[in-house]
Amino acid sequence: MAKADRQSTLERLLQSQGFGARKFCRNLVYAGSVRVNGNLCEDPDAVFNVVDLTHPLCFEVEGYDGVWPYCKQAYILLNKPVGYECSRAPKHHSSVLSLLPDPLRGRDVQPVGRLDVDTTGLLLLTDDGQCIYVLTSPRHAVPKVYCVRLAEDADAALCHRLLSGVLLRDENDTLAAQACRLLEPNLLELTITQGKYHQVRRMIAAAGNHVTDLSRVAIGELQLPDNLAPGDWRWLDVQSMLLAGWSPR
């Protein structure tokens, strides 16, 4: 790794983390609004090592709650609530991006795939384009697990149909679930890998039932934490992303 990749000035680091343009970040530092690893720093040209694992960089910036770890790429897990669109240009509801603080929006994190406005649960967001490609590409077939509330009680026959494959309207080929099991007579755990538009709802309809409530609970082996409330988010580390099927660079 080149020296320029290992070290950077404070104003450039703040800009890279979404705190604003370089001039704005420079003025933040001059104003005494920035702490690095707990220490006040008033020199925007101060140089820091960004790959020192012994002393990883953390920022505290006046006006932004909490401590912000330096991340070359941001990986975020959001518990998506009902009523939000997974889009930068929502048409009828607020964007899920509005649930995130300004610095994350400033560094242009994007949803990894989409959950429709009425679907809740695990949503990944990142500014890593290659990660988005891998986790959403049919070629890589990353499994997504959903908890499906059914309008009518079901039995093993429904699981058999979904595992065997159903033909969706306007599709030429059948789609099959990777895994399927009934948790309760009207509660289904369904795993898919394809990622078609409204796929789970359409598959259930093609199998003769109807979805009344839908939540994604896992991507790969990464599960939605029980203690993460709807609308809340958290940082993900390398190990978590490996569970989701992506190896951060």
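Below you will find a few notes about this structure. Per chain, the residues get numbers from 1 upward, laid out in the order the sequence is written. At least 70 in pLDDT is required for a residue's local features to be given in this predicted model, at least 80 for side-chain atom pairs to be given and counted, and no such filter applies to totals for whole chains, interfaces and linings, which use all residues. Excluded from the side-chain calculations are hydrogens and water; all other atoms, namely the structure's heavy atoms, are used.

## Digging into the sheet that holds strand β5 (residues 58–61)
Argument step 1. Strands are labelled as partners when DSSP assigns at least two bridges between them. Secondary structure elements are defined from DSSP: runs of H or I of at least 4 residues count as helices, runs of E of at least 2 residues count as strands, and each element is numbered from the N terminus. The antiparallel open sheet is built from four strands, whose spatial order is β3-β2-β5-β6. Looking along the sheet, the strands with just one partner apiece sit at the ends: β3 (39–40) and β6 (68–69).
Argument step 2. As judged from the three bridges shared by strand β2 (residues 34–36) and β5, these two strands associate in the antiparallel manner. Note on β5: the bridge partner recorded for Arg35 is Glu60.

## Considerations on the nonpolar core
Argument step 1. The biggest cluster of nonpolar side chains holds 50 residues, and the ones touching the most others in it are Val148, Leu162 and Leu188.
Argument step 2. In this analysis, two residues are considered to be in contact whenever any of their non-hydrogen atoms come within 4.5 Å of each other. Once residues lying within four places of it in the same chain are set aside, the contact partners of Leu162 are Leu175, Ala176, Ala177, Cys180, Leu188, Leu190, Met203, Ile204 and Ala207.
Argument step 3. If you look at the next biggest cluster of nonpolar residues, it comprises 17 residues, including Cys131, Leu228, Met241 and Trp246. Throughout, nonpolar core names a set of buried Ala, Val, Leu, Ile, Met, Phe, Trp, Tyr and Cys residues whose side chains join them through atoms within 4.5 Å. Burial classes: relative accessible area under 20% of the type maximum marks a residue as buried, over 50% as exposed, and values in between as partly exposed (1.4 Å probe, protein chains only).

## Looking at the pattern of salt bridges
Argument step 1. Each salt bridge in this description consists of a side-chain nitrogen of Lys or Arg and a carboxyl oxygen of Asp or Glu lying within 4 Å of one another. Tallying each qualifying case throughout the model produces eleven salt bridges.
Argument step 2. The closest approach of N and O atoms between Arg26 and Asp45, which form a salt bridge, is 3.0 Å. In this pair, Arg26 is assigned in helix α3 (residues 22–30) and Asp45 in the loop between β3 and β4 (47–49), connecting sequence segments 19 residues apart.
Argument step 3. Judged by relative accessible area, which is 40%, Asp45 ranks as partly exposed.
Argument step 4. Put simply, Glu184 and Arg149 hold a salt bridge, and the shortest N to O gap is 3.3 Å. One end of the pair, Glu184, is in strand β13 (residues 179–184); the other, Arg149, is in strand β12 (residues 144–150), and 35 residues separate them in sequence.

## Let's talk about the pairing of β13
Two faces make up the sheet, and in a regular strand the side chains alternate between them.
Argument step 1. Both β13 and strand β14 (residues 187–192) contribute to a ladder of five bridges, which runs antiparallel. Bridge assignment links Ala179 to a residue of β14, and that residue is Thr191.
Argument step 2. Here β13 folds back onto β14 in antiparallel fashion, the turn holding two residues.

## With respect to the packing of aromatic side chains
Argument step 1. For Phe, Tyr and Trp, where Trp contributes only its six-membered ring, two rings pair if their centres lie within 6.5 Å, and the inter-plane angle classes them as stacked under 30 degrees, edge-to-face over 60, or tilted in between. On inspection of all chains with the given rule, the structure shows five aromatic pairs.
Argument step 2. Judged by centre distance (5.1 Å) and plane angle (80°), the rings of Phe19 and Tyr64 are edge-to-face. Taken as a pair, Phe19 in the loop between α2 (10–16) and α3 and Tyr64 in the loop between β5 and β6 lie far apart in primary sequence, 45 residues in all.
Argument step 3. For the ring pair Phe19 and Trp68, a centre distance of 5.6 Å and an interplane angle of 80° mean the geometry is edge-to-face. With Phe19 in the loop between α2 and α3 and Trp68 in strand β6, this pair connects stretches of sequence that are 49 residues apart.
Argument step 4. The buried category is assigned to Phe19, whose relative accessible area is 3%.
Argument step 5. By relative accessible area, Trp68 is classed as buried at 7%.
Argument step 6. Taken together, the aromatic side chains of Phe19, Tyr64, Trp68, Trp233 and Trp235 make up a single cluster linked through ring pairs.

## Brief notes about the side chain of Thr126
Argument step 1. Tracing the chain through its elements places Thr126 in strand β11 (residues 119–126).
Argument step 2. Among residues more than four places away in sequence, those in contact with Thr126 are Ala74, Tyr75, Asp108, Val109, Gln110, Val112, Cys131 and Ile132.

## Digging into the environment of Tyr30
Argument step 1. Mapping Tyr30 onto the fold places it in helix α3.
Argument step 2. In this structure the C-alpha to C-alpha distance between Tyr30 and Arg202, which are 172 residues apart in sequence, comes to 56 Å.
Argument step 3. Leave out the neighbours within four places in its chain, and Tyr30 touches Glu42 and Pro44.

## Describing the side chain of Glu85
Argument step 1. Inspection of the secondary structure assignment puts Glu85 in strand β8 (residues 84–85).
Argument step 2. Among buried charged residues, Glu85 stands out as having no salt bridge; its nearest opposite-charge side chain is Arg114, 6.6 Å away.
Argument step 3. Polar contacts involving the side chain of Glu85 include one to the main-chain amide nitrogen of Lys91, which spans 3.0 Å.
Argument step 4. Those residues in contact with Glu85, other than ones at most four positions away along the chain, are Pro90, Lys91, His92, His93, Ser94, Ser95 and Val96. Charged-residue counts in this description rest on Lys and Arg as positive and Asp and Glu as negative, His and the chain ends being excluded. For the purposes of these results, a polar contact is taken to be a pair of N or O atoms within 3.5 Å, where, inside protein, one atom must be able to donate a hydrogen and its partner to accept one; residues adjacent in sequence count only when each atom of the pair is a side-chain atom.

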